[in-house]
Amino acid sequence: MGYITRETAYFDSPGKENTMDCVQLAISRAQELNINRIILASTSGATALRFREAVRGTAIRLVVVTHVVGFSEPGVWEFSQEAKAALSAEGHQIITGTHALSGLERALSRSSRVGGGSRTEAIAEALRRVVAIGLKVAVECVLIAADQGAINVTDEVIAVGGTISGADCVAVIRPAHTASFFDLQVREIVAMPRNR
């Protein structure tokens, strides 16, 4: 049986102050593994623009997954139109889809008539609490991107997520569609907060 060894970065704490380190770590691992897609979460576009600057001149393309319209306020999309234009002009994709690990389930758990957690929310909470909030976000972004047809489920991707804003978790993931969630594989943790 064979094995490989890889370095993993552990941040002292979660948060946006880790973003630029995640940018460098994600690009480095992508180049090392010949991966040309980085899937990343970006609410306003700020994190996506940092990645855009860093991947210029490489073969790496970004698939930016945003919050759904209405996530923070009914009818409002939080992503900057300027960021969308800048990213699109350089061939990067912006994906906005229903959150795979909450979506309709959240409506049920928040309802005073129905109430209670769901199995989907239990999976999301397990990823958040057992590993890292950023890993839950990264996994969810990969599911959304696969469901939108932005990535192939047979090709490994680099996935980036964060805690509230910015980036603090980087992983190598073999994607799956939401309906085939248990086929998804987190193959490597590149970076994550050690304390959560």
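Residues numbered from 1 in each chain as written. Predicted model: local features only at pLDDT ≥ 70, side-chain atom pairs only at ≥ 80, totals over all residues. Heavy atoms only, no water.

Trainee: So, the layout of surface pockets: which residues are in play, and what are the values?
Mentor: By volume, the largest pocket amounts to about 640 Å³. For the largest pocket, the lining is made up of 29 residues, of which Thr43, His67, Val137, Gly162 and Ile164 are closest to its centre. Among the secondary structure elements, those contributing two or more residues to the lining of the largest pocket are α2 (46-55), β3 (61-66), α5 (119-131) and α6 (133-147). Top element by residues in the lining of the largest pocket is α6. It accounts for six residues. When its residues are assigned to classes, the lining of the largest pocket shows nine nonpolar, 13 polar and seven charged. (1 Å grid on protein atoms, 1.4 Å probe; cavity = no way out; pocket = protein on both sides within 12 Å on 5 of 7 lines; lining within 4 Å. Points joined across faces, edges and corners; volume = space filled by probe spheres on them. Helix = DSSP H or I, 4+ residues; strand = E, 2+ residues; numbered from the N terminus. Nonpolar A, V, L, I, M, F, W, Y, C, P; charged D, E, K, R; others polar.)

Trainee: Provide a residue-level description of the pairing of strand β6 (residues 169-174), including the pertinent values.
Mentor: Of all six residues making up β6, five are buried, and the element is well covered by its neighbours. Relative to β6, strand β5 (residues 157-161) runs antiparallel, the two being bridged by five bridges. In the sheet register, alanine 159 faces β6, and the bridge partner there is alanine 171. Strand direction decides the pairing type here: β6 and strand β7 (residues 185-193), joined by five bridges, are antiparallel. Paired with valine 172 across the strands is glutamate 188, a residue of β7. (Buried < 20%, exposed > 50% of the residue type's maximum accessible area, 1.4 Å probe, protein only. Pairing = 2+ DSSP bridges.)

Trainee: Would you mind going over the pattern of salt bridges in detail, with residue names and values included?
Mentor: Throughout the structure, instances matching the rule amount to twelve salt bridges. For glutamate 125, the salt bridge is made with arginine 128, and the minimal N-O distance between the two is 2.6 Å. One end of the pair, glutamate 125, and the other, arginine 128, are both in helix α5, three residues apart, so they sit about a helical turn from each other. Glutamate 125 gets classed as partly exposed once you look at its relative accessible area, which sits at 33%. Several salt bridges share partner residues, and in doing so they unite Arg6, Arg29, Glu32 and Glu188 into one network. (Salt bridge = Lys/Arg side-chain N within 4 Å of Asp/Glu carboxyl O.)

Trainee: Tell me about the packing of helix α1 (residues 19-32) against α2, and name the residues and values.
Mentor: The geometry of α1 relative to α2 is characterised by a closest axis approach of 10 Å and an angle of 45° between their N-to-C directions. With respect to α2, the axis of α1 lies oblique. For the pair α1 and α2, the crossing hand works out as right-handed. Of α2, the residues touching α1 (which contributes Thr19, Met20, Cys22, Val23, Gln24, Ala26 and Ile27) are Thr47, Arg50, Phe51, Ala54 and Val55. Residue classes in the contact of α1 with α2 are distributed as eight nonpolar, three polar and one charged. (Axes fitted to C-alpha atoms, helices over the stretch in contact; angles between N-to-C directions. Parallel < 35°, antiparallel > 145°, perpendicular 65-115°, else oblique. Left-handed = near helix turned anticlockwise from the far one by under 90°. Contact = heavy atoms within 4.5 Å.)

Trainee: How would you summarise the environment of valine 76 if you had to cite specific residues and measurements?
Mentor: Here valine 76 is to be found in the loop between β3 and α3 (81-89). Given a relative accessible area of 31%, valine 76 falls into the partly exposed group. Taking the C-alpha atoms as reference, valine 76 lies 17 Å from alanine 46; in sequence the two are 30 residues apart. Once you skip the residues sitting within four places of it in the chain, valine 76 turns out to touch Val68, Val69, Gly70 and Phe71.

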